[in-house]
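Close look at the chain arrangement
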Amino acid sequence: MANLRDLSNVACIVGVDESDEMGTLPHKSQLSLHVEAVTNAVRDAGLKISDIDGIFTAGQHSPATIGEALGVMPRYVDGTTVGGCSFIIMVGHAVAALHHGLCDVAVISHGESGRSQVGVSPRRDTAIPGQFEAPFGFGPAPTMFGLITTRHMHRYGTTLEQWAQVAVSTRQWAALNPKALRREPITVADVLKARPVVWPFTVLNICLVTDAGGAVVLTRADRAKDCAKKPVYVRGLGEGAEHVSLTQMKDLTFSEATRISGEKAFRMAGVGPGDFQHIMLYDAFTSGPPIMLESLGLAKGLSYTHSGMYGIFPIIEATRQLRGECNQRQVPNVKLSLVNGMGGMLSAAGTLVLSNER
Amino acid sequence: MEIDRPLPNPMTPEAKPFWDGLREQKLMLPKCQACGHVFWYPRVACPKCHTRGIGWIQASGRGTLHAFEVGYQAFNKAFKVEPPYVLAMIELAEGPRMLSNLINVEADPRTLKCDMPVEVVFSKLTDEVTLPLFQPAGR
């Protein structure tokens, strides 16, 4: 009988890093952002590129493309693409693959030229958005998240000022991160009087779009001891997917995918929502974190970087927090960190429970 | 008249009765012949009981404004409706929710209210395409 707990603590994150630069990078292709991030993360782990035998990536490039660009022939590939949380979900997939010996060194790679669009293929509408959404002016994420937000305001009486506070708080955190694109402080009033884009959002409620890459390296716990840095154990993991089109979401103010992924991860790790010293949420929109926290039963990317499918970065930050590498933004005594992210319009979700202790 | 919005593309075979109905000023919805579930969007199997027999009913055209936004810019080059305009999620009286626009109303977030009653308005774009838009009920 399969037991979820068998996967707890069997594999570790041993390497994390971003691309050489992040922000506005018109001189760098999307594929190069992948290659930079992977080579940096493998160096962080004290491993060699030739050690990689499992490649995981989401988005426009297949894992075969990443392998080819790196000069690696993988014996395990995963291209699960369910939005920005795909990379968080892939940590779980990598743990399972490592546990069963399908690969020995797994790398999860993200690269997105979200701002400069260098080496990016044009988006094509699939049958549902092209047919039933685009004719009414719907399209990019802001036109969907606003619906979630106005329904939340109607149902719970939340206010524009409260959403603005989320943007203010995330900016305060970004100010402590030298790699963040936007670091100057902002106020609630600044958010409210910024350029209106689609009510209830001004431009400061909405994710930055940047060019960035990020990568995470995992291996089994026995091998992790030989890596360069202190291993971060994957204690719990979960994923879920509720819908793609927003019209199919049961309750616009509650993310079923988040609830399912969180419950699974907590049960596997043997922890509760109150046990964490550090929480990383994927927050492309100001209304995201409150709904995600509520759905998890219990915060920070609006100002740092958001290349599009952002989920690799909360894993990188949580790992650095658990290693104690975060200088002025280090949370003291972090032993247990929660990583949660969503994909699409609260459509899919991934949750990780990470720890620096076994 | 110049077409001020992107035409539906692709128009899929399973949605043909929906687009055919709109040309005759009828809002058609798929309904499962086995369990009676009325759903959106059109597909070949019922999302509730998963059987294949799907029929169609004419919807009342009535519903409520489930959620909305006010667009101050276009998000697609082909969308040329003058801002501000209302992006709407409509909950139809028959149950399903669909995306549309609320028209014949001031695009002012202070006066629009979630759950306000709305009714369908048929907007002909081409000989082939008529879109279901919505306006406040009883106008």
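Residues numbered from 1 in each chain as written. Chains lettered and ligands numbered in written order. Predicted model: local features only at pLDDT ≥ 70, side-chain atom pairs only at ≥ 80, totals over all residues. Heavy atoms only, no water.

1. A word on the overall build of chain B
- Helix and strand content of chain B: one helix and seven strands.
- Order of helices (α) and strands (β) in chain B, N terminus to C terminus: α-β-β-β-β-β-β-β.
- Rg of the C-alpha trace for chain B: 16 Å, near the compact-globule value of 14 Å for 139 residues, within the 12% margin.
- With the C-alpha coordinates of chain B rotated into their principal frame, the extents come out at 45 × 30 × 25 Å.
- The buried share of chain B, reckoned over its 139 residues, is 48%.
- Of the contacts formed within chain B by residues at least 6 apart in sequence, a portion of 51% connects residues at least 24 apart.
- Put simply, chain B shows about 6,800 Å² of open surface, and 49% of that area lies on carbon and sulfur atoms.
- The centroid of the 16 positive side-chain charges in chain B is displaced by 5 Å from the centroid of its 15 negative side-chain charges. (Helix = DSSP H or I, 4+ residues; strand = E, 2+ residues; numbered from the N terminus. Rg over C-alpha atoms; globule rule 2.2 N^0.38 Å. Buried < 20%, exposed > 50% of the residue type's maximum accessible area, 1.4 Å probe, protein only. Contact = heavy atoms within 4.5 Å. Areas by Shrake-Rupley, 256 points an atom, 1.4 Å probe, with all protein chains shown as cover. Lys, Arg positive; Asp, Glu negative; His and termini not counted. Charge placed at Lys NZ, Arg CZ, Asp CG, Glu CD.)

2. Focus on the overall build of chain A
- Along chain A, the regular secondary structure elements total 11 helices and 11 strands.
- Along the first, second and third principal axes, the C-alpha set of chain A runs to 50 × 45 × 45 Å.
- Looking at chain A as a whole, 61% of its 358 residues are labelled buried.
- Mean positive and mean negative side-chain charge positions of chain A (32 and 32 charges, respectively) differ by 3 Å.

3. Quick look at the packing of helix α1 (residues 30–45) of chain A against helix α2 (residues 63–70) of chain A
All names here are of chain A.
- Where α1 meets α2, the axes come as close as 10 Å, and the angle between the chain directions of the two elements is 65°. Taken together, the axes of α1 and α2 lie roughly perpendicular to each other. Here α1 and α2 pass one another in a crossing that is right-handed. The residues of α2 that touch α1, namely those facing Leu31, His34, Val35 and Val38, are Thr65, Ile66, Ala69 and Leu70.
- In terms of residue class, the contact of α1 with α2 is made up of six nonpolar, two polar and no charged. (Axes fitted to C-alpha atoms, helices over the stretch in contact; angles between N-to-C directions. Parallel < 35°, antiparallel > 145°, perpendicular 65-115°, else oblique. Left-handed = near helix turned anticlockwise from the far one by under 90°. Nonpolar A, V, L, I, M, F, W, Y, C, P; charged D, E, K, R; others polar.)

4. So, the interface of chain A and chain B
- Counting residues at the interface gives 35 residues for chain A and 41 residues for chain B.
- Summed over both partners, the interface of chain A with chain B buries about 3,100 Å², with 64% contributed by carbon and sulfur atoms.
- One salt bridge connects Arg151 of chain A with Asp115 of chain B, and the closest N-O pair in it is separated by 2.9 Å.
- Elements with a minimum of two residues in the side of chain A that touches chain B: α4 (127–132), α5 (142–156) and β5 (196–199) of chain A.
- Of the residues forming the side of chain A that touches chain B, the biggest block, nine residues, is contributed by α5 of chain A. (Buried area = accessible area lost by both parts, 1.4 Å probe. Salt bridge = Lys/Arg side-chain N within 4 Å of Asp/Glu carboxyl O.)

5. Looking at the packing of aromatic side chains
- For the structure on display, the rule yields nine aromatic pairs over all chains.
- Look at Phe132 of chain A and Trp40 of chain B: their rings are 4.7 Å apart centre to centre, the planes differ by 65°, and that puts the pair in the edge-to-face class. Residue Phe132 of chain A is found in helix α4, and its partner Trp40 of chain B is found in the loop between β1 (28–32) and β2 (54–58); the two belong to separate chains. Across this residue pair, the class does not change: Phe132 of chain A and Trp40 of chain B are buried.
- Ring centres 5.8 Å apart and planes at 45° place the aromatic pair Phe266 of chain A and Phe276 of chain A in the tilted group. (Phe/Tyr/Trp six-rings, centres within 6.5 Å; stacked < 30°, edge-to-face > 60°.)

6. Thoughts on the sheet that holds strand β8 (residues 232–241) of chain A
Residue and element names in this part refer to chain A.
- Strand order across the open sheet formed by nine strands is β3-β2-β4-β7-β1-β8-β11-β10-β9, with mixed pairing between neighbours. Single-partner strands in this sheet number two, and they are β3 (76–78) and β9 (278–281). Here the strands of the sheet are splayed against their neighbours by 25° on average, with no regard to which way each runs.
- Strand direction decides the pairing type here: strand β2 (residues 54–57) and β3, joined by three bridges, are parallel. By the bridge assignment, Phe56 is partnered in β3 with Asp78.
- Strand contacts of helix α3 (residues 86–99): β1 (11–18), β2, β3, β4 (105–113), β7 (211–220), β8, β10 (336–343) and β11 (348–355), with the helix running at about 160° to β4, the strand carrying the most contacts. (Pairing = 2+ DSSP bridges.)

7. Some words on the layout of surface pockets
- When its volume is computed, the second largest pocket comes out at roughly 310 Å³.
- Residue lining of the second largest pocket: 15 residues in total, with Thr247 and Gln248 of chain A together with His37, Trp40 and Pro96 of chain B positioned closest to the centre.
- Partitioning the lining of the second largest pocket into residue classes produces six nonpolar, four polar and five charged. (1 Å grid on protein atoms, 1.4 Å probe; cavity = no way out; pocket = protein on both sides within 12 Å on 5 of 7 lines; lining within 4 Å. Points joined across faces, edges and corners; volume = space filled by probe spheres on them.)

8. Topic: the confidence of the model for chain A
- Summary statistics for chain A give a mean pLDDT of 91 and a share of 95% for residues scoring 70 or more.
- Contacts for the low-pLDDT stretch residues 299–304 of chain A, under 50 throughout, to residues beyond four places or in other chains number 42 contacts. (pLDDT = per-residue confidence, 0-100.)

9. Section: the side chain of Ser19 of chain A
Residues and elements named next belong to chain A.
- By the secondary structure assignment, Ser19 is in the loop between β1 and α1.
- Within the structure, the side chain of Ser19 is placed 2.8 Å from the backbone oxygen of Glu21, a separation counted as a polar contact.
- If we ignore the near neighbours within four places in the chain, the residues touching Ser19 are Leu33, Glu36, Ala37, Asn40, Ala212, Gly213 and Gly214. (Polar contact = N/O pair within 3.5 Å; in protein donor to acceptor, adjacent residues only side chain to side chain.)

10. Here we look at empty space enclosed by the protein
- Here the largest cavity is characterised by a volume of approximately 110 Å³.
- When contributions to the lining of the largest cavity are tallied by element, the ones reaching two or more residues are α4 of chain A together with α1 (16–23), β5 (97–102) and β7 (130–136) of chain B.

11. Regarding the pattern of salt bridges
- Applying the stated criterion across every chain yields a total of 28 salt bridges over all chains.
- Linking Arg259 of chain A and Glu256 of chain A is a salt bridge whose minimum nitrogen-to-oxygen distance equals 2.7 Å. Separated by three residues within a single helix, Arg259 of chain A and Glu256 of chain A lie in helix α9 (residues 256–269), roughly one turn from each other.
- According to the relative accessible area criterion, Arg259 of chain A is partly exposed, its value standing at 27%.
- Residues Asp4 of chain B and Arg5 of chain B are paired through a salt bridge, measuring 3.6 Å at the closest nitrogen-oxygen approach.
- Given the relative accessible area of 24%, Asp4 of chain B is considered partly exposed.
- On the accessibility criterion, Arg5 of chain B (7% relative accessible area) is buried.

12. Some details on the environment of Glu161 of chain A
Residues and elements named next belong to chain A.
- Along the polypeptide, Glu161 turns up in helix α6 (residues 160–174).
- According to the relative accessible area criterion, Glu161 is partly exposed, its value standing at 43%.
- For the pair Glu161 and Ala189, spaced 28 residues apart in the sequence, the C-alpha separation amounts to 8.2 Å.
- When near neighbours in sequence (up to four residues on either side) are disregarded, Glu161 contacts Val188 and Leu192.

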